[in-house]
Amino acid sequence: PWSGLQKQCSSQSGSFKNIAGSRTVSTNCNDLALMVAQQPIAVFVDGNNFQFYRSGIYSDCGTTPNVGLLLTGMTDNYWRLKNSLGNTWG
């Protein structure tokens, strides 16, 4: 569970205990679409304006990646991202 403190991970079980590794990928949108079709992908985006988001499709994108999100899918018009900040943040 989130504690708001910087410390070692205390989880000994659950869905994250079997992560075998990671890699950094610089890619274009077509390659990213192929990758997210296989599995969710951790991404960094510019979240400077997230505090003003209320609902719908977010389009106030910046160019300074500073927030980690989970890319879970896509459509022809947008990327689907999962946020862990909670519904009372902002």
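Residues numbered from 1 in each chain as written. Predicted model: local features only at pLDDT ≥ 70, side-chain atom pairs only at ≥ 80, totals over all residues. Heavy atoms only, no water.

> Before we move on, could you go through the pairing of strand β2 (residues 67-74) and cite the residues and values that matter?
Within a regular beta strand, the side chains point alternately toward one face of the sheet and then the other, so they alternate between its two faces. Relative to β2, strand β1 (residues 41-45) is paired through 5 bridges, and the arrangement is antiparallel. For V43, the partnering residue across the bridge sits in β2 and is L69. Strand direction decides the pairing type here: β2 and strand β3 (residues 79-82), joined by 4 bridges, are antiparallel. Counted as the bridge partner of L71 is L81 from β3. (Pairing = 2+ DSSP bridges. Helix = DSSP H or I, 4+ residues; strand = E, 2+ residues; numbered from the N terminus.)

> Could you give an account of the confidence of the model for the chain, naming the residues involved and the relevant values?
Chain-level statistics for the chain give a pLDDT mean of 77 and a share of 73% at 70 or above. Element-level pLDDT for the chain is lowest in helix α1 (residues 29-36), with a mean of 84, against a maximum mean of 89 in β2. (pLDDT = per-residue confidence, 0-100.)

> Quick one: what's the story with the sheet that holds β2, residue by residue and with numbers?
What the 3 strands build is an open sheet, ordered β1-β2-β3; its pairing is antiparallel. Bordering the open sheet on either side are β1 and β3, each of which pairs with just one other strand. Adjacent strand axes in the sheet meet at a mean angle of 50° when their direction is disregarded. Taken strand by strand, α1 contacts β1, β2 and β3, and its axis lies near 75° from that of β2. (Axes fitted to C-alpha atoms, helices over the stretch in contact; angles between N-to-C directions. Contact = heavy atoms within 4.5 Å.)

> Could you give me a rundown of the nonpolar core, with the residues and numbers involved?
The biggest cluster of nonpolar side chains holds 8 residues, and these are L32, V36, I41, V43, F50, V67, L69 and L71. At the level of secondary structure, the elements contributing two or more residues to this core comprise α1, β1 and β2. Broken down by element, this core gets its largest block of residues, 3 residues, from β2. (Core = buried A, V, L, I, M, F, W, Y, C linked by side-chain atoms within 4.5 Å. Buried < 20%, exposed > 50% of the residue type's maximum accessible area, 1.4 Å probe, protein only.)

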